[in-house]
Amino acid sequence: MVKIFVITYSTYGHVNKVAESIVKGLEKGGVEVGRYQIAETLSDEILAKMHAAPKLDIPVLNPKSLPEADGYLFGFPTRYGTTPAQVKAFFDATGGLWTQQALSGKPAGFFFSTASQHGGQEVTVFASLPILAHHGIIFVPLGYSNPHLFDNSEVIGGSAWGAGTIANGDGSRQPSEKELEIAVTQGERFAEVAKKLAA
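Position labels on residues start from 1 in each chain and follow its written sequence. The model is predicted, so local features are restricted to residues of pLDDT at least 70 and side-chain atom pairs to those at 80 or more, both for listing and for counting; the totals for chains, interfaces and linings are taken over all residues. For side-chain calculations, the full set of non-hydrogen atoms in the structure is used, while hydrogens and water are omitted.

1. Regarding the packing of helix 1 (residues 14-28) against helix 6 (residues 177-198)
In this analysis, axes come from line fits to C-alpha atoms, helices being fitted only over the stretch in contact, and the angle between any two N-to-C directions falls in the range 0 to 180 degrees. Secondary structure elements are taken from DSSP: a helix is a run of H or I of four residues or more, a strand is a run of E of two residues or more, and numbering for both begins at the N terminus. One way to put it is that helix 1 packs onto helix 6 with a least axis distance of 6 Å and a crossing angle of 40°. Judged by the inter-axis angle, helix 1 sits oblique to helix 6. In the packing of helix 1 onto helix 6, the handedness of the crossing is right-handed. Contacts between helix 1 and helix 6 involve Lys17, Val18, Ser21, Ile22, Lys24, Gly25, Leu26 and Lys28 from the first element and Leu180, Ala183, Val184, Gln186, Gly187, Glu188, Phe190 and Ala191 from the second. As a working rule, the residues Ala, Val, Leu, Ile, Met, Phe, Trp, Tyr, Cys and Pro are called nonpolar, Asp, Glu, Lys and Arg charged, and the rest polar, with Gly in that last group. Of the residues contributing to the contact of helix 1 with helix 6, the split by class is 8 nonpolar, 4 polar and 4 charged. Should an angle fall under 35 degrees it is called roughly parallel, over 145 degrees roughly antiparallel, and 65 to 115 degrees roughly perpendicular, with every other angle called oblique. It is the rotation of the near helix from the far one that decides the hand of a crossing: anticlockwise by less than a right angle makes it left-handed, clockwise makes it right-handed. Throughout, a contact is declared for two residues whenever any of their heavy atoms are within 4.5 Å.

If you want it as structure tokens, here you go:
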């Protein structure tokens, strides 16, 4: 069976909430899911001062284990329109895989969280594409495959680039039902593409 890794870094829990719906979509799409998190680089003292959410009880992924999967969905919050330092450190540790092109031809996508509507959801994915290109990984966008992406009646995270949520600057807003439904769609569509590529 095709295996997809859902890999997240989440400071306040919003990305992990979206990941739950991503996993539902992948499972509906008939693939095996491995759920992992990216290692934290901040101390417990700093995280406490930030009022960060507790880390999930899921394995921290060693980058060397990436070849075990057939595809990847990465979720993380934005940091000034790019990836958090923890995510950058994770990808910086994949140099050995890059030299072997061990991930070449595998699909990947992204989902994300920002503080505001214009907080960089799309540009964060755009800024991450060079990582995929250097590895030969195939970017699989969400497209406008869920009708909620056309809904302008309320604030809704996500775009053609991937599912997303708006957290507010203080983290008080949780993912909406529409945002979570978009995430399920991304999981389903990604599963379809991953199965075709693995056939």
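Moving on from the model shown.
2. Describing the side chain of serine 159
Mapped onto the elements of the fold, serine 159 is located in the loop between strand 5 (138-139) and strand 6 (164-166). Residue class for serine 159 comes out buried when judged on its relative accessible area of 4%. Polar contacts involving the side chain of serine 159 include one to the side chain of glutamate 122, which spans 3.5 Å. Once you skip the residues sitting within four places of it in the chain, serine 159 turns out to touch Phe112, Glu122, Leu142, Gly143 and Leu149. For the exposure calls, accessible area comes from a 1.4 Å probe over protein chains only, and a residue counts as buried if that area is under 20% of its type's maximum, exposed if over 50%, partly exposed in between. Polar contact criterion, stated in full: a pair of N or O atoms within 3.5 Å, where within protein one must be able to donate a hydrogen and the other to accept it, and residues adjacent in sequence count only if both atoms are side-chain atoms.

3. A word on the pattern of salt bridges
If charged atoms from side chains of opposite charge come close, those side chains can pair. Salt bridges are identified by distance alone: a Lys or Arg side-chain nitrogen within 4 Å of an Asp or Glu carboxyl oxygen. Across all of its chains, the model carries 9 salt bridges by this definition. With a shortest N-O distance of 2.5 Å, aspartate 151 and lysine 178 are connected by a salt bridge. Residue aspartate 151 is found in the loop between strand 5 and strand 6, and its partner lysine 178 is found in helix 6; the two are separated by 27 residues along the sequence. Assessed through its relative accessible area of 22%, lysine 178 is described here as partly exposed.

4. As for helix 1
One less than the number of residues in a helix, times 1.5 Å, gives the span that helix is expected to have. Compared with the 21 Å implied by 1.5 Å per residue over 15 residues, the 22 Å span of helix 1 between its first and last C-alpha is a close match. Among all positions in helix 1, only His14, Val15, Asn16, Val18, Ala19, Ser21, Ile22, Val23, Gly25 and Leu26 are buried. The inward-facing, buried residues of helix 1 contact strand 1 (3-8), strand 2 (32-37), strand 3 (71-77), strand 4 (107-114), strand 6 and helix 6.

5. Some thoughts on the environment of phenylalanine 90
Position of phenylalanine 90 relative to the elements: it lies in helix 3 (residues 85-92). Taking the C-alpha atoms as reference points, phenylalanine 90 and valine 33, separated by 57 residues in sequence, lie 20 Å from one another. Here phenylalanine 90 is in contact with Ile38, Leu61, Pro63, Leu66 and Phe74, once residues within four sequence places are set aside.

6. Points about the layout of surface pockets
Where empty space is left becomes clear once a probe the size of a water molecule has been rolled over the atoms. Residues are said to line a cavity or pocket when one of their atoms sits within 4 Å of a point; the points come from a 1 Å grid over protein atoms alone, cavities being sets where a 1.4 Å probe fits but cannot get out and pockets being open sets with protein on both sides within 12 Å along at least five of seven lines. Grid points are joined across faces, edges and corners, and a volume is the space filled by probe spheres set on the points. If you add up the space inside the largest pocket, you get close to 420 Å³. Residue lining of the largest pocket: 19 residues in total, with Tyr12, Thr78, Arg79, Ala115 and Gly169 positioned closest to the centre. Where the lining of the largest pocket is concerned, the elements lending two or more residues are helix 1 and strand 4. Its residues assigned to classes, the lining of the largest pocket comprises 6 nonpolar, 11 polar and 2 charged.

7. Describing helix 5 (residues 121-135)
The end-to-end C-alpha distance of helix 5 is 22 Å, a good match for the 21 Å that 15 residues give at a rise of 1.5 Å each. Where helix 5 bends most, at serine 128, the angle is about 30°, and the proline proline 130 comes one to four residues later. Where helix 5 is buried, its residues touch strand 3, helix 4 (95-100), strand 4, strand 5 and strand 6. Glycine 136 lies just past helix 5 and shows a positive phi near 75°. The bend at a residue is defined as the angle formed between two axes, one fitted to the seven residues ending at that residue and one fitted to the seven starting there.

8. Topic: the side chain of glutamine 186
Residue position: glutamine 186 is located in helix 6. A polar contact of 3.0 Å, which involves the side chain of glutamine 186, links it to the backbone oxygen of phenylalanine 110. In contact with glutamine 186, other than residues within four places in its own chain, are Ile22, Leu73, Phe110, Phe111, Leu142, Gly162 and Ala163.

9. Digging into unusual backbone geometry
Located in the positive-phi region is tyrosine 80, a residue other than glycine, with phi close to 55°. Mapped onto the secondary structure, tyrosine 80 falls in the loop between strand 3 and helix 3. For tyrosine 80, a relative accessible area of 86% gives the class exposed.

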